[in-house]
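Reading the structure
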Amino acid sequence: MNRDLTVGKPETVLWKFCLPLFGSIIFQQLYNLADSFVAGKFIGEDALAAVGNSYEVTLIFIAFAFGCNIGCSIIVSNLFGAKKFREMKTAVYTTLIASGVLCLLLMAAGVLFCTDLLHLINTPDNVMADSKLYLDIYIFSLPFVFYYNVATGIFSALGDSKTPFAFLAASSVTNIGMDILFVTAFKMGVAGVAWATFICQGVSCVLAVIFVFRRLLKIKTDGKSEIFSINLLGRIAKVAIPSTLQQSFVSVGNIIIQGIINGFGSPVMAGYSAAVKLNNLVITSLNTLGNGISNYTAQNLGAGKPERISGGFRAGVKLVWIICLPLVAAYLFAGKYLVRVFLNDPGSTAIAVGTEFLKIVAPFYLIISVKLVCDGVIRGAGLMARFMASTLTDLVLRVALAKVLSVSLGSTGIWLAWPIGWTVAMVMSYFFYRRGKWGKKSSPN
């Protein structure tokens with residue numbers, strides 16, 4: 001069901017739209033959590049380290065899929081809010097074509113260079129083979145990753161956050177069962193984990209794309225929509241390229257940090273792999289809520305109602321804090337037990353490492369959540385330079401501090417880089433948000 005985000009009380013509208021998005025990303029993260037759980041519990045610590053190591057590389061590909069998602073979503077939201085339905089459909093078709101071309105190029109690059117990248121980040125010999133195997137299978141699932149992301153971006157642009165939630169809930173639960181089946185019954189090891197995810201993502205993607213086209217057919221237009229538009233591709237790229245670069249830089253930064261962590265051996269790698277899955281569950285959820293706020297902002301700017309944005313910002317901050325508080329408490333007081341879900345030895349170094357990471361970063365979720373709400377508004381308004389500035393500041397600080405502090409403080413120094421980078425970046429994003437003259441701001445072009 002399409003939802004107009006330009007009418008009604010901002011808090012009520014935004015919460016009804018964003019809560020299913022939050023549920024969706026929780027289930028999406030179950031893909032990665034299930035992979036790590038099965039690898040750590042049913043294969044071994046080295047397998048968990050391999051899956052975690054490979055995950056940092058997959059984030060580069062996901063960055064491009066995310067750029068296609070957010071570029072399409074912002075422009076389609078804006079056109080939907082302005083009731084320009086013919087152009088809106090053309091924007092969808094244009095994104096699907098451009099995303100397919102980009103996906104093929106990335107698959108070729110992945111086949112050629114992923115092994116070199118694994119060597120570049122100092123992947124230990126004992127996890128190299130499994131890391132390579134996992135990545136090889138993942139690369140061939142990229143069309144599913146791309147088109148599923150585009151489809152969910154379109155649903156969000158139309159104000160529908162419930163349909164993606166339904167797809168993800170079903171596929172994530174199925175993925176957990178298939179992970180366990182492939183690893184325990186079929187004895188497929190890390191390959192079983194990767195193939196289970198491949199199959200479930202493929203089914204979700206196909207269903208999502210079918211439902212997108214069915215939804216578009218129901219929207220009446222004042223003429224036949226073009227299949228491709230250079231002008232709309234330019235508008236989409238104006239949002240998508242900075243978003244992709246931002247996410248890519250973050251992924252590259254994470255890979256550099258992973259390389260630093262790899263120097264401390266597989267127990268630290270495994271502990272970090274388990275803890276960072278839990279951390280990413282929070283950060284990705286908050287990012288998704290920020291994307292929802294971007295859709296809200298873009299629709300209202302398209303409808304000529306910029307005065308609603310401040311109310312949406314306040315509602316967004318309230319929502320993310322309500323979500324963050326129980327997670328902060330859980331990670332602070334039960335972090336050890338949550339990390340143990342992925343590992344077998346309760347006294348291992350890996351569990352101690354993962355627990356320490358969560359205790360250091362968890363309190364600062366309240367800080368990073370404010371940044372991501374500000375970023376949601378800024379990105380929805382098309383102010384991409386400001387959006388990139390704060391995000392890249394966070395990245396540079398985290399990478400530099402991780403390198404410097406690890407020399408004297410070991411792995412603890414790496415974890416301390418997160419709160420510092422988040423805090424500085426939040427101050428910047430809030431400053432940029434406050435400078436926005438939302439009562440006078442025109443829609444992104």
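These figures come from a predicted structure and were not determined experimentally.

A word on the overall build of the protein
The helix and strand inventory of the protein stands at 14 helices and zero strands. Taken from N to C terminus, the helices and strands of the protein fall in the order α-α-α-α-α-α-α-α-α-α-α-α-α-α. Here the C-alpha radius of gyration of the protein, 21 Å, is about what a compact globule of 445 residues would show, namely 22 Å. By principal-axis analysis of the C-alpha atoms, the protein measures approximately 65 × 45 × 35 Å. Residue burial in the protein is summarised as follows: out of 445 residues, 60% are buried. Once local pairs closer than 6 in sequence are excluded, the contacts in the protein between residues at least 24 apart make up 85%. Of note, the protein has its 36 positive side-chain charges centred 14 Å away from the centre of its 20 negative side-chain charges.

Examining a nonpolar patch on the surface
A contiguous nonpolar patch, built from Ile97, Val101, Leu105, Ile227, Phe228 and Ile230 and spanning about 590 Å² of accessible area, is present on the exposed surface. Per-element tally for the nonpolar patch: the top contributor is helix H3 (residues 85-120), with three residues. With respect to the helices and strands, Phe228 occurs in the loop between helix H7 (190-217) and helix H8 (230-262).

A word on the packing of aromatic side chains
Scanning all chains against the criterion turns up 19 aromatic pairs. Their ring planes at 75° and their centres at 5.4 Å tell us that Phe144 and Phe198 sit as a pair that is edge-to-face. In this pair, Phe144 sits in helix H5 (residues 142-157) while Phe198 sits in helix H7, placing the two residues 54 residues apart along the sequence. In this structure Phe144 comes out as partly exposed when scored by relative accessible area, which is 23%. Taking the relative accessible area as the measure of exposure, Phe198 reaches 18% and is therefore buried. Ring centres of Trp195 and Phe198 lie 5.1 Å apart, and the angle between their planes is 65°; this geometry places the pair in the edge-to-face category. Taken together, the residues Trp195 and Phe198, both in helix H7 and three residues apart, mark about one turn of the helix. Each member of the aromatic cluster is reached from another via a ring pair, and the members are Tyr272, Phe357, Trp415 and Trp418. Taking the ring centre of Phe80 as reference, the NZ or CZ of Lys83 above it sits at 5.8 Å.

Remarks on the pattern of salt bridges
Summed over the entire model, instances satisfying the criterion amount to seven salt bridges. With a closest N to O distance of 2.7 Å, Asp136 and Lys132 form a salt bridge. On the criterion of helical spacing, the pair formed by Asp136 and Lys132 is a turn pair, its members being four residues apart in helix H4 (residues 125-139). Classification of Asp136 by relative accessible area gives partly exposed; the value is 27%.

Topic: the side chain of Thr163
Within the element layout of this structure, Thr163 appears in helix H6 (residues 162-185). At 2.7 Å, the side chain of Thr163 and the side chain of Asp160 are in polar contact. The contact partners of Thr163, leaving out residues within four places of it in the chain, are Phe155, Phe211 and Arg215.

With respect to helix H9 (residues 266-302)
With 37 residues, H9 extends 51 Å between its outermost C-alpha atoms, agreeing within 8% with the 54 Å of an ideal straight helix rising 1.5 Å per residue. With 34 of 37 residues buried, H9 lies mostly within the body of the structure. Following H9 by one or two positions, Gly304 adopts a phi angle in the positive range, close to 75°.

Describing the environment of Gln246
Positionally, Gln246 belongs in helix H8. Overall, the relative accessible area of 8% leaves Gln246 in the buried class. Linking Gln246 and Met384, residues 138 residues apart in sequence, is a C-alpha distance of 9.8 Å.

Some remarks on the nonpolar core
Of all hydrophobic cores here, the largest spans 126 residues; its most connected members are Tyr365, Trp415 and Trp418. Non-local contacts of Tyr365, meaning those with residues more than four positions away in its chain, are made with Asn279, Val282, Ile283, Leu286, Cys324, Val328, Tyr331 and Trp422. Judged by nonpolar contacts, the second largest core, of twelve residues, contains Val183, Ala191, Val193 and Phe198.

Some thoughts on the packing of H8 against H9
For the pair H8 and H9, the least separation of the axes is 8 Å and the interaxial angle reads 140°. Classed by the angle they form, the pair H8 and H9 counts as oblique. Contact with H8, carried on its side by Gln258, Ile261 and Asn262, involves Val268, Met269 and Tyr272 of H9 and no other residues of that element. Here the contact of H8 with H9 is built from residues that sort into four nonpolar, two polar and no charged.

Let's talk about the environment of Val317
Along the chain, Val317 falls in helix H10 (residues 309-340). Among the residues examined, Val317 registers a relative accessible area of 12% and is labelled buried.

As for the confidence of the model for the protein
In low-pLDDT segments, the atomic positions of the prediction should not be examined closely. Mean pLDDT for the protein: 88, with 96% of residues reaching 70 or above. Counting interchain partners and residues more than four positions distant, the pLDDT-below-50 stretch residues 439-445 has 18 contacts.

Re H8
Spanning 33 residues, H8 covers 44 Å between terminal C-alpha atoms, matching the ideal 48 Å at 1.5 Å per step. Helix geometry: H8 is bent most strongly at Ala237, by close to 35°. The opening residue of H8 is Ser229, an N-cap whose side-chain oxygen sits 3.4 Å from the backbone nitrogen of Asn231.

Let's talk about unusual backbone geometry
Residue Lys83 is not a glycine yet carries a positive backbone phi of 60°. Take Lys83: it is sitting in the loop between helix H2 (45-81) and H3. A relative accessible area of 46% places Lys83 in the partly exposed class. Although it is not a glycine, Lys187 adopts a positive phi angle of roughly 55°. With respect to the helices, strands and loops of the structure, Lys187 is situated in the loop between H6 and H7.

Criteria and thresholds
- Residues numbered from 1 in each chain as written.
- Predicted model: local features only at pLDDT ≥ 70, side-chain atom pairs only at ≥ 80, totals over all residues.
- Heavy atoms only, no water.
- Helix = DSSP H or I, 4+ residues; strand = E, 2+ residues; numbered from the N terminus.
- Rg over C-alpha atoms; globule rule 2.2 N^0.38 Å.
- Buried < 20%, exposed > 50% of the residue type's maximum accessible area, 1.4 Å probe, protein only.
- Contact = heavy atoms within 4.5 Å.
- Lys, Arg positive; Asp, Glu negative; His and termini not counted.
- Charge placed at Lys NZ, Arg CZ, Asp CG, Glu CD.
- Patch = residues over 30% accessible without salt bridge, like charges linked within 9 Å, V, L, I, M, F, W, Y side chains within 5 Å.
- Areas by Shrake-Rupley, 256 points an atom, 1.4 Å probe, with all protein chains shown as cover.
- Salt bridge = Lys/Arg side-chain N within 4 Å of Asp/Glu carboxyl O.
- Phe/Tyr/Trp six-rings, centres within 6.5 Å; stacked < 30°, edge-to-face > 60°.
- Lys NZ or Arg CZ within 6 Å of the ring centre and 35° of its normal.
- Polar contact = N/O pair within 3.5 Å; in protein donor to acceptor, adjacent residues only side chain to side chain.
- Expected span 1.5 Å × (residues − 1).
- Core = buried A, V, L, I, M, F, W, Y, C linked by side-chain atoms within 4.5 Å.
- Axes fitted to C-alpha atoms, helices over the stretch in contact; angles between N-to-C directions.
- Parallel < 35°, antiparallel > 145°, perpendicular 65-115°, else oblique.
- Nonpolar A, V, L, I, M, F, W, Y, C, P; charged D, E, K, R; others polar.
- pLDDT = per-residue confidence, 0-100.
- Bend = angle between axes of the 7 residues up to and from the residue.

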